[in-house]
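# Geometric and topological summary
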Amino acid sequence: MDCTKRLEESKIQNPKSKILIAPSILSADFTKLKDEIQAVEAAGADWIHVDVMDGHFVPNITMGPFIVEALNRLTNLPLDCHLMIQNPEKYVDRFVKSGADWVSVHPEAEGDIHGALETVAKLGAKPALALKPATPVSAANAFAQQIQMLLVMTVNPGFSGQKIMLECLPKYAEARKAFGPEMLLQIDGGVTGENAAQVRAAGAQNIVAATAIFKSPDYAAAIKALRGA
Ligand code: DX5
Ligand code: ZN
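None of these values were measured; they are calculated from a predicted model.

## Points about the side chain of Ser24
Looking at where Ser24 falls in the secondary structure, it is placed in the loop between β1 (20-23) and α2 (33-42). For Ser24, a relative accessible area of 1% corresponds to the buried category. Among the polar contacts made by the side chain of Ser24, one reaches the side chain of Asp51 at a distance of 2.6 Å. With residues up to four places along the chain from it excluded, the contact list for Ser24 reads His49, Asp51, Val208, Ala209, Ala210 and Phe214.

Here it is, written out as structure tokens:
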């Protein structure tokens, strides 16, 4: 997709250029997933973030396409699937066919990352790249023409509830400079109401949060604190 179209699309989904909040269901109560989704939706969530872990790329196993398929029936919010898996090219089609709107893959993973992104786009979802904290922004250069969003992680992938690595924040300005105004920049890992202002000032536009939302007694207040004024 050319840059103009990408910019138009990002305006459509983000008309006021507001900060987008993507609750990660990793910290939701799975005994009542439907209630949890409805609650964050009512509280103002913009997207639903789905953390997919395979026990190989990261030392944790979470969920797969059938959870995405269930979520797709529970909400109309965009489903943002963050694939922390090896060989994503073997699985991306199943996620898109289950209802994923966005699919992020890691360049540090084994496999055909370019092919995975190509499949996501071909099937009509939006391709994104996710970088671990130690991976330089320049690792995205080779993928820049294929992606609509860059996720710069601020914890090592694998678990929710970790502390934000503030030393990663300068990477947003670097990414903005390298990839231009149309690239959506997402942050994931340890974002809370306390550090959200710093995160937004650094240039993150799309904020993923698991603990700060699902472990809070008031989802609407938590989302408001992340989004800012
Ligand atoms: C970590 C995941 C994150 C995680 C965020 O590997 O990618 O999305 O759920 O959790 P918090 O917000 O608790 O750091
Ligand atoms: Zn994530």
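Okay, back to it.
## Here we look at the coordination of the zinc ion (ligand 2)
Note on metal sites: the ideal angle is 109.5 degrees for four tetrahedral donors, and 90 or 180 degrees for six octahedral donors. Every protein donor of the zinc ion (ligand 2) is accounted for by His49 (NE2), Asp51 (OD), His82 (ND1) and Asp188 (OD), and the metal-donor separations fall at 2.0 to 2.3 Å. What the six donor atoms of the zinc ion (ligand 2) show is an angle range of 69 to 166° at the metal, which sorts the shape as octahedral. Read N to C, the donor residues that coordinate the zinc ion (ligand 2) are spaced as H-x1-D-x30-H-x105-D. Comparing His49 with Asp51, the two get one shared label, buried.

## Quick word on the site of ligand 1
As a structural note, the neighbourhood of ligand 1 is formed by 20 residues, with Asp51, Gly158, Asp188, Gly190 and Thr211 the closest of them. Between ligand 1 and His82 there is a distance of 3.2 Å, counted from an oxygen atom to a side-chain nitrogen or oxygen. Taking Gly190, its main chain carries an N or O atom lying 2.7 Å from an oxygen atom of ligand 1. Contributing elements (two or more residues each) for the shell around ligand 1: β2 (48-53), β3 (79-84) and β8 (206-209). Here the shell around ligand 1 gets three residues from one element, more than from any other, and that element is β2. A class-by-class count of the residues in the shell around ligand 1 yields nine nonpolar, nine polar and two charged.

Basis of the calculations
- Residues numbered from 1 in each chain as written.
- Chains lettered and ligands numbered in written order.
- Predicted model: local features only at pLDDT ≥ 70, side-chain atom pairs only at ≥ 80, totals over all residues.
- Heavy atoms only, no water.
- Helix = DSSP H or I, 4+ residues; strand = E, 2+ residues; numbered from the N terminus.
- Buried < 20%, exposed > 50% of the residue type's maximum accessible area, 1.4 Å probe, protein only.
- Polar contact = N/O pair within 3.5 Å; in protein donor to acceptor, adjacent residues only side chain to side chain.
- Contact = heavy atoms within 4.5 Å.
- Donors = N, O, S within 2.8 Å, 3.2 Å for Na, K, Ca; no water.
- Tetrahedral: all angles 85-135°; square planar, octahedral: opposite > 155°, others 65-115°.
- Near = heavy atom within 4 Å.
- Nonpolar A, V, L, I, M, F, W, Y, C, P; charged D, E, K, R; others polar.

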